[in-house]
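Spelled out from the first residue to the last, the chains are:
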Amino acid sequence: MKANIQVLLLVTLLAGVWGKNPFLKHKTPQYKFPAGFPFGAATASYQVEGGWKEDGKGVNIWDTLTHDRPYLVENQDNGDVACDSYHKYKEDVQLLKDLGADFYRFSISWARVLPEGHDNIVNQAGIDYYNNLINELLANGIEPMVTMYHWDLPQALQDLGGWPNMQLAKYFEAYARILFTHFGDRVKLWITFNEPLTFVSGYASEKGFAPAINTPGIGDYLAAHTVIHAHARVYHLYDQVFRSRQRGKVGIALNINWCEPLTNSTEDIAACERYQQFNLGIYAHPIFSTEGDYPAVVKERISRNSAAQGYTTSRLPTFSPEEVEYIRGTSDFFGLNFYTAYYGKEGEEGNIPSLGRDSGLITRQDSNWISSASTWLKVVPWGFRKEFNWIKNEYNNPQVFVTENGFSDLGELNDTGRVYFYTTYLTEMLKAIHEDGCNVIGYAAWSLMDNFEWNRGYAEKFGLYHVDFNDPTRPRTPKESAKVIAEIIKTRKIPERFWQD
Ligand SMILES: *[C@@H]1O[C@H](CO)[C@@H](O)[C@H](O)[C@H]1NC(C)=O
Ligand SMILES: *[C@@H]1O[C@H](CO)[C@@H](O)[C@H](O)[C@H]1NC(C)=O
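Residues numbered from 1 in each chain as written. Chains lettered and ligands numbered in written order. Predicted model: local features only at pLDDT ≥ 70, side-chain atom pairs only at ≥ 80, totals over all residues. Heavy atoms only, no water.

K.L.:
So what's going on with the overall build of the protein? Residues and values would help.
P.N.:
A count of helices and strands for the protein gives 17 helices and 13 strands. By the compact-globule yardstick of 23 Å for 501 residues, the protein fits well, its C-alpha radius of gyration being 23 Å. Along the longest, intermediate and shortest principal axes, the C-alpha atoms of the protein span 85 × 55 × 50 Å. Counting only residues that meet the buried cut, the protein has 60% of its 501 residues in that class. Here the analysis covers contacts within the protein between residues at least 6 apart in sequence; of these, 75% occur between residues at least 24 apart. For the protein, the exposed surface amounts to about 19800 Å²; the carbon and sulfur share of it is 53%. For the protein, the centre of its 48 positive side-chain charges and the centre of its 60 negative side-chain charges are spaced 5 Å apart. (Helix = DSSP H or I, 4+ residues; strand = E, 2+ residues; numbered from the N terminus. Rg over C-alpha atoms; globule rule 2.2 N^0.38 Å. Buried < 20%, exposed > 50% of the residue type's maximum accessible area, 1.4 Å probe, protein only. Contact = heavy atoms within 4.5 Å. Areas by Shrake-Rupley, 256 points an atom, 1.4 Å probe, with all protein chains shown as cover. Lys, Arg positive; Asp, Glu negative; His and termini not counted. Charge placed at Lys NZ, Arg CZ, Asp CG, Glu CD.)

K.L.:
Please set out the nonpolar core residue by residue, giving values where relevant.
P.N.:
The biggest cluster of nonpolar side chains holds 156 residues, and the ones touching the most others in it are W163 and M429. Setting aside its immediate chain neighbours within four residues, M429 contacts F33, F37, F384, F388, V402, V440 and Y443. (Core = buried A, V, L, I, M, F, W, Y, C linked by side-chain atoms within 4.5 Å.)

K.L.:
Explain helix 8 (residues 167–183) residue by residue, including any values.
P.N.:
Between its terminal C-alpha atoms helix 8 stretches 25 Å, which fits the 24 Å expected from 17 residues at 1.5 Å a residue. Within helix 8, burial applies to L168, A169, F172, E173, A174, Y175, A176, I178, L179, F180 and F183. (Expected span 1.5 Å × (residues − 1).)

K.L.:
Residues and numbers for the sheet that holds strand 9 (residues 361–364), please.
P.N.:
Taking strand neighbours across the sheet as the criterion, the three strands line up as 6-8-9 in an open arrangement whose pairing is mixed. Bordering the open sheet on either side are strand 6 (258–261) and strand 9, each of which pairs with just one other strand. Within the sheet, the average angular offset between the axes of one strand and its neighbour, ignoring direction, is 40 degrees. Inspection of the sheet shows strand 8 (residues 341–346) paired to strand 9 by four bridges, in the antiparallel sense. Across the sheet, residue G344 finds its bridge partner in strand 9, namely T363. (Pairing = 2+ DSSP bridges. Axes fitted to C-alpha atoms, helices over the stretch in contact; angles between N-to-C directions.)

K.L.:
Just give me the short version of the packing of helix 6 (residues 124–139) against helix 8, but keep the residues and values in it.
P.N.:
Where helix 6 meets helix 8, the closest approach of the two axes is 11 Å, and the angle between their N-to-C directions is 50 degrees. Put simply, helix 6 runs oblique to helix 8. Considering how the two elements wind past one another, helix 6 and helix 8 form a crossing that is right-handed. Side by side, helix 6 and helix 8 meet where I127, Y130, N131 and I134 of the first sit next to I178, H182 and F183 of the second. Of the residues belonging to the contact of helix 6 with helix 8, the class tally is five nonpolar, two polar and no charged. (Parallel < 35°, antiparallel > 145°, perpendicular 65-115°, else oblique. Left-handed = near helix turned anticlockwise from the far one by under 90°. Nonpolar A, V, L, I, M, F, W, Y, C, P; charged D, E, K, R; others polar.)

K.L.:
I'd love a proper account of the sheet that holds strand 1 (residues 39–42), names of residues and values included.
P.N.:
Ordered by their spatial adjacency, eight strands build a closed barrel running 1-2-3-4-5-7-10-11, and the pairing between neighbours is parallel. Neighbour to neighbour, the strand axes of the sheet diverge by 25 degrees on average, direction disregarded. Here four bridges tie strand 4 (residues 189–194) to strand 5 (residues 249–255), and the two strands are oriented parallel to one another. Following the sheet pairing, N194 is matched in strand 5 by A253.

K.L.:
So what's going on with the packing of aromatic side chains? Residues and values would help.
P.N.:
For any pair of aromatic rings, geometry is given as the distance between the ring centres together with the angle between the planes. Inspection of every chain in the model, using the stated rule, returns 56 aromatic pairs. Both rings, one in W151 and one in W454, keep their centres 4.5 Å apart while their planes meet at 35 degrees; by these two values the pair is tilted. Here W151, found in the loop between strand 3 (143–149) and helix 7 (155–158), pairs with W454, found in the loop between strand 11 (440–446) and strand 12 (465–467); they are 303 residues apart in sequence, far enough to count as distant. On the basis of relative accessibility, which here comes to 4%, the residue W454 falls in the buried class. (Phe/Tyr/Trp six-rings, centres within 6.5 Å; stacked < 30°, edge-to-face > 60°.)

K.L.:
Now, about the site of ligand 2: what can you tell me, with residues and values included?
P.N.:
Surrounding ligand 2, one finds N414, T416 and E480. For ligand 2, an oxygen atom lies 2.3 Å from a polar atom in the side chain of N414. (Near = heavy atom within 4 Å. Polar contact = N/O pair within 3.5 Å; in protein donor to acceptor, adjacent residues only side chain to side chain.)

K.L.:
Quick one: what's the story with unusual backbone geometry, residue by residue and with numbers?
P.N.:
Residue P211 follows A210 across a cis peptide bond; omega there is 5 degrees. Inspection of the secondary structure puts P211 in the loop between helix 9 (196–199) and helix 10 (219–246). The residue after W446, namely S447, is reached through a cis peptide bond having omega 15 degrees. Mapped onto the fold, S447 is located in the loop between strand 11 and strand 12. Positive phi outside glycine occurs at R247, with the angle close to 55 degrees. Residue R247 is classed as exposed on the basis of its relative accessible area of 67%. Positioned with a positive phi, N396 is a non-glycine residue whose angle comes to about 60 degrees. Take N396: it is sitting in the loop between helix 15 (381–394) and strand 10 (400–404). N396 sits in the exposed class, given a relative accessible area of 66%.

K.L.:
Describe the state of the cysteines, with residues and values.
P.N.:
One pass over the full model with this rule turns up one disulfide. Sulfur-sulfur distance for the disulfide between C259 and C272 comes to 2.2 Å. Measuring the twist about the S-S bond at about -60 degrees, one finds the C259-C272 disulfide to be left-handed. A residue pair is termed long-range when its members are at least 10 positions apart, and C259 in strand 6 and C272 in helix 11 (residues 266–288) qualify at 13 residues. With relative accessibility at 2%, the residue C259 sits in the buried group. The thiol sulfur of C438 is not disulfide-bonded, and the nearest other cysteine sulfur, from C259, lies at 18 Å. (Disulfide = S-S within 2.5 Å.)

K.L.:
Please set out the pattern of salt bridges residue by residue, giving values where relevant.
P.N.:
The full count for this structure, using the stated rule, is 26 salt bridges. Here R456 ties to E74 by a salt bridge, and the two come within 2.9 Å at their closest N and O atoms. You can see R456 sitting in the loop between strand 11 and strand 12 and its partner E74 sitting in the loop between helix 3 (61–68) and helix 4 (85–99), a full 382 residues away along the chain. Residue E74 is classed as partly exposed on the basis of its relative accessible area of 30%. Between E173 and R233 there is a salt bridge; the shortest N-O distance is 2.6 Å. Residue E173 is located in helix 8, and its partner R233 is located in helix 10; the two are separated by 60 residues in the primary sequence. (Salt bridge = Lys/Arg side-chain N within 4 Å of Asp/Glu carboxyl O.)

Below, the structure is given as C-alpha cells:
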C-alpha cells in the first residue's frame, strides 16, 4: 500500500514535470470570484433602443449617419428599430434576471432626454422611459449602471461643431445635471463617457463612426480635449451638488488593446509603451496619474511632428496648470473595455497627420490567434491579464471595473467561440486578481443581446441572447453562453469542464 502511494507520487511528480499532471493542471481555475463581486451585462442606447423618433426624441448623429449616408453601414442597416428595447425593456430586465446579473450597464440617449441637446427643453417622455427602466431593474434586484454618453450626440450639437467645440463641455455638464437630478436618487453607478478613444475617431475619418468627418490628427485631438474637460466638470458637479445626498460613484469607461512587443528590443518595448500612452494614457493620465496632464511622450511627439509638418503650434491642445489640477483625480473607478491584443514594433504607418502616425509604431495581429466575426477582434486571453497589470503599475492600482468584454460571431445559438472567450478571459482576470493583486471590482459582459454594431450593422453579433431582427417582435433567445455565464455568476467560478491546460 505504502509503496503504491510512493509510486503514485512519483508518477504524479513526473507527469507534473511534463505538464500532464491532471491534479496540477487545474490549479488556476480553482480561484473564485471574490464575495460580492458584481457581474452584469452591457448595452448602449442607439444599439438597442430603436424608437428613433418616438415621443419627442431628437435626432442624433447616428440617426443622421445611417439615414443620410447609409452606404457607410453594412447592408445599409440602421438603429431605427434595433432590438426595440424602447418598448421591450421589461423583457430585457427578465433576461438579466435569468442570467443572475447583479447590475445592468445601459446608456441614456441624450437626444431622448434633451431633444435639442440643450437643457431648456426636457422631454418628459424620455425621462419617463428611463425611470421605468430603472424602476423595473430595481424591482428585480438589479442595480442600474448608467452611461451618460455612448456615442449618440444630439445632431443640434454636432451642428455647432460637435466635440471639437469646447463649449460642449458646458452642455454636457448641463445634461449630466438633468440626469443626476432625475435619476440620481436610484442610480449609484455613473459612467460619463464610453470609449472616448473610439468615438473621437468619428472626427478622424469620413468613413467610420459618426459624425464621420475627416480631420485626423487634429479634430480627434480637439474632441479628446473637450471630452476630458467635460468628464471633469461632471465629476466636480457631482461632488459639489449631489454626492453628499446621493452617495454614488462617477467614473469613465476607457478602451484599450494589449500591445505585445514583437521582439524584446528596447525599440519595440518602447513602441508598445507608446501604444498604451497614445491610446489609453491620453485619457487616463490626466485623470488617474498622480501628476495629471497628457503623458509626456504624447505631448513631445505630437509637438515635434507638428513642427516638422509646418504647424507653428502643436496639434494637441494644452492644459493650463489649473486645468491639470482640476482634472486630476476626477474618477471613483477606472472603467475598462477590453477585447483583444496586437503585436507592436517601432515604425511609421497611418495618415499624415494622425494619432497612429504620431504614436510611431506598427501593429499586427497573429494569424494563429482565434478569430471572431470582427476583423479587429482576435481571442488573446493573456493580453487581458497583462493589461490589468499595466494599469496597476501605471496608475497605482486603481479600482478597475471591467465595463465591457465580449466576442462576436454570426449569431449562432450554440456559440462555442463566445463560451471559449468568456471562460478563458475570466480565467486570466482571476489570475490578475489572485496572483497579481490587481484591484478588479466588477465585470460587465458585452453584450446582453445582439444589437446594432455601428458601421457593421447587424452583421456581427455580440449578444449572450440572440435577437431575431427579421421578426418585427424581435424575440430574444438565450445562447449557450448565456447559460454558461449564468452558471459562473451562480457558482462564482469557472466550471471545471472549461478549465484549460
Ligand atoms: C520577451 O521577454 C519576455 C520575458 O522574458 C518573454 O516572456 C517573451 O516571450 C519575450 N518575447 C520575445 C518576442 O522574445
Ligand atoms: C455545441 O457545439 C459543440 C461543438 O460542436 C458540441 O460539442 C456541443 O454538444 C454543442 N452543444 C449543444 C447544446 O448543442
